[in-house]
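These are the residues of each chain, in order.
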Amino acid sequence: MRGTAVAAIALTSLMVVSACAKDSGGGTTGSTNAAGAACEFSTPPSAPATSSTSAANGEKVDGSALKVGLAYDIGGRGDASFNDLAAAGFDKAIKDLGVKKENTRELSAAPNEDEAAKQTRLRQLASEGFNPIVGVGFAYTESLKVVAPEFPNVKFGLVDSAVDGAANVTPLVFAEQEGSFLAGVVAAYQSKKCHVGFVGGVDIPLIQKFEAGFVQGAKTAAPKVQVEKKYITPAGDFTGFQDPPKGQEAAKGLIDKGADVVYPAAGASGIGVFAAVKEAGVLAIGCDADQYNQPALVNTRDVIVASSLKRVDVAVYDFFKAAAKNDLASLPKVFDLKVDGVGYATSGGKIDAKLQGILEGYKAQIIEGKIKVADKP
């Protein structure tokens with residue numbers, strides 16, 4: 001998701017205080033949908049004996065000689081999602097690698113800016129000696145096609161995209177569908193009506209990966225589950241990532257159709273989705289970050305039962321660390337469940353041990369290749 005607005009956008013005006021729906025507890029006994037038909041769950045896989053999470057690499061690397069730059073997508077720090085994750089990875093790299101404060105630079109994009117502005121931002125960082133530099137989001141793809149060849153000795157990282165033929169641009173891409181599969185499992189188990197919903201910010205292939213994984217996960221857990229879907233804007237109109245009121249409207253439409261667990265992949269528009277969920281007294285699943293713990297969402301976090309994680313922070317950190325070692329080839333081709341590039345969080349205590357075990361079982365099957373998660377709806 002694109003972090004496309006400051007997380008405080010009209011936040012207080014969107015939050016409607018009401019009672020939160022009681023957690024269904026994650027049992028496997030089935031629930032009843034609006035039509036009164038039971039929703040039976042598939043036999044879930046057993047949790048692995050040990051965690052399938054890979055161990056963190058504690059290798060100490062000296063990056064004190066680096067000058068590191070970060071070019072945010074629209075909104076920069078404070079979006080409670082995509083950009084904030086990049087910022088967290090940036091901050092950790094500075095601390096762990098020993099980068100001097102004066103050798104760091106962050107620049108943000110403006111709403112509806114043209115390609116020339118993006119190129120100027122990247123050129124500014126590169127011409128001032130920053131190296132390596134990360135462009136946060138596929139919005140920088142076209143700009144890097146132009147700027148990267150102008151600075152062949154600068155190492156660029158590009159989140160969510162790649163530049164063919166540019167040896168100095170490292171793609172930092174994710175298996176978003178795998179984390180979303182687990183979000184779909186959570187949604188099915190938390191739904192009291194066997195009826196869930198997905199809100200996408202913009203109808204583009206990147207967000208369709210979230211939809212595909214979510215729907216597959218929900219239907220794998222509960223084959224008869226009903227799934228409602230709504231995109232805020234069509235391809236080409238990126239305001240769908242920065243419009244909380246439209247996010248609220250989209251979520252309300254799904255809730256009115258019967259969905260009682262809603263999963264937004266919509267950047268800052270997710271703020272409005274959580275507002276609608278709070279107002280209706282139903283449940284939500286966060287996206288990208290552990291949104292239960294985002295300060296900007298403190299007024300609605302009680303409806304967030306879990307979050308899918310897209311570890312942009314891990315990718316940004318790993319890129320800077322690999323650049324400091326002059327070993328970019330060591331980075332994974334895709335940040336997936338196997339390398340903790342995606343995952344899930346259960347902050348808030350709403351997921352019980354039984355459902356936690358079920359999630360770990362599905363996670364292990366994906367990592368082992370027993371479940372192949374689709375990246376297209």
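Here is what the cut-offs are and how they apply
- Residues numbered from 1 in each chain as written.
- Predicted model: local features only at pLDDT ≥ 70, side-chain atom pairs only at ≥ 80, totals over all residues.
- Heavy atoms only, no water.
- Helix = DSSP H or I, 4+ residues; strand = E, 2+ residues; numbered from the N terminus.
- Contact = heavy atoms within 4.5 Å.
- Areas by Shrake-Rupley, 256 points an atom, 1.4 Å probe, with all protein chains shown as cover.
- Phe/Tyr/Trp six-rings, centres within 6.5 Å; stacked < 30°, edge-to-face > 60°.
- Buried < 20%, exposed > 50% of the residue type's maximum accessible area, 1.4 Å probe, protein only.
- Lys NZ or Arg CZ within 6 Å of the ring centre and 35° of its normal.
- Expected span 1.5 Å × (residues − 1).
- Arc of directions from axis to C-beta.
- Pairing = 2+ DSSP bridges.
- Axes fitted to C-alpha atoms, helices over the stretch in contact; angles between N-to-C directions.
- Salt bridge = Lys/Arg side-chain N within 4 Å of Asp/Glu carboxyl O.

Participant: Can you help me understand the overall build of the protein in this one?
Facilitator: Looking only at helices and strands, one finds 10 helices and 13 strands in the protein. Within the protein, contacts between residues separated by at least 24 positions form 73% of all contacts whose residues are at least 6 apart in sequence. Element-wise, carbon and sulfur atoms account for 52% of the exposed surface of the protein, whose accessible area totals about 14600 Å².

Participant: Help me understand the packing of aromatic side chains, please; the structure alone is not making it clear to me.
Facilitator: Within a pair of aromatic rings, the relevant descriptors are the distance that separates the centres and the angle that separates the planes. Evaluated as defined, the whole model comprises 11 aromatic pairs. Considering the side-chain rings of Phe138 and Phe238, the 5.9 Å spacing of their centres and the 55° angle between planes classify their relative orientation as tilted. Here Phe138, found in the loop between strand E5 (133-135) and helix H4 (141-147), pairs with Phe238, found in the loop between strand E9 (226-233) and helix H7 (244-256); they are 100 residues apart in sequence, far enough to count as distant. The partly exposed category is assigned to Phe138, whose relative accessible area is 22%. What links up through ring pairs into an aromatic cluster is the set Phe198, Phe214, Tyr231 and Tyr263. Cation over ring: Lys67 sits above Phe130, and NZ or CZ is 4.6 Å from the ring centre. Here Lys92 stacks its cationic end above the ring of Tyr317, 4.9 Å away from the centre of that ring.

Participant: Help me out: how do you make sense of helix H3 (residues 115-127) in this one?
Facilitator: Because an α-helix completes one turn every 3.6 residues, residues spaced three or four positions apart along the sequence face the same direction. The end-to-end C-alpha separation of H3 is 18 Å, in line with the 18 Å expected for 13 residues at 1.5 Å each. Within H3, burial applies to Lys118, Gln119, Arg121, Leu122, Leu125 and Ala126. Projection of H3 onto a plane perpendicular to its axis shows the buried side chains occupying an angular sector of 160°, all on one side. In this structure, the buried residues of H3 make contact with strand E3 (68-74), strand E4 (104-109), E5, H4 and strand E6 (156-159). Of the residues flanking the end of H3, it is Gly129, one or two places downstream, whose phi is positive at about 90°.

Participant: Whenever I open this one, the sheet that holds E4 confuses me. Can you help?
Facilitator: Remark on secondary structure: sheet strands pair via backbone hydrogen bonds, oriented parallel or antiparallel. Pairing is parallel in the open sheet, where five strands are placed in the order E4-E3-E5-E6-E7. Two strands close off the open sheet at either side, each with one partner strand: E4 and strand E7 (169-172). Taken pair by pair, the neighbouring strands of this sheet meet at an average axis angle of 20°, ignoring direction. The sheet contact formed by E6 and E7 spans four bridges and is parallel. Paired with Phe156 across the strands is Val169, a residue of E7. Taken strand by strand, H3 contacts E3, E4, E5 and E6, and its axis lies near 175° from that of E4.

Participant: Where do I start with the pattern of salt bridges in this structure?
Facilitator: Opposite charge on two side chains lets them pair, provided their charged atoms get close. Tallied over the full model, the rule gives 17 salt bridges. A salt bridge links Glu113 to Lys118; its shortest N-O distance comes to 3.7 Å. When sorted by exposure, Glu113 lands in the same class as Lys118, which is buried. Between Asp302 and Lys278 there is a salt bridge, with its nearest N and O atoms 2.8 Å apart. Separated by 24 residues along the polypeptide, Asp302 in the loop between strand E11 (283-286) and strand E12 (304-310) and Lys278 in helix H8 (residues 270-280) bring together distant segments of the chain. Residue Lys278 is classed as buried on the basis of its relative accessible area, which comes to 7%.

Participant: Just checking my understanding: could you explain the pairing of E6 for this structure?
Facilitator: On a regular strand, one side chain projects to one face of the sheet and the next to the other, so that they alternate. A two-sided burial pattern is seen for E6, the buried positions comprising Phe156 and Leu158 on one face and Gly157 and Val159 on the other. Bridging between E5 and E6 involves three bridges; their strand directions are parallel. Within the sheet, the bridge partner assigned to Val134 lies in E6 and is Gly157.

Participant: Explanation requested: the sheet that holds E9 in the structure shown.
Facilitator: Taken in spatial order, the six strands make up an open sheet running E9-E8-E10-E11-E12-E13, and their pairing is mixed. Bordering the open sheet on either side are E9 and strand E13 (342-345), each of which pairs with just one other strand. Strand-to-strand twist of the sheet, defined as the mean angle between neighbouring strand axes without regard to direction, takes the value 20°. The pairing of strand E8 (residues 195-202) with E9 spans seven bridges and is classified as parallel.

In short, geometric facts, not functional conclusions.
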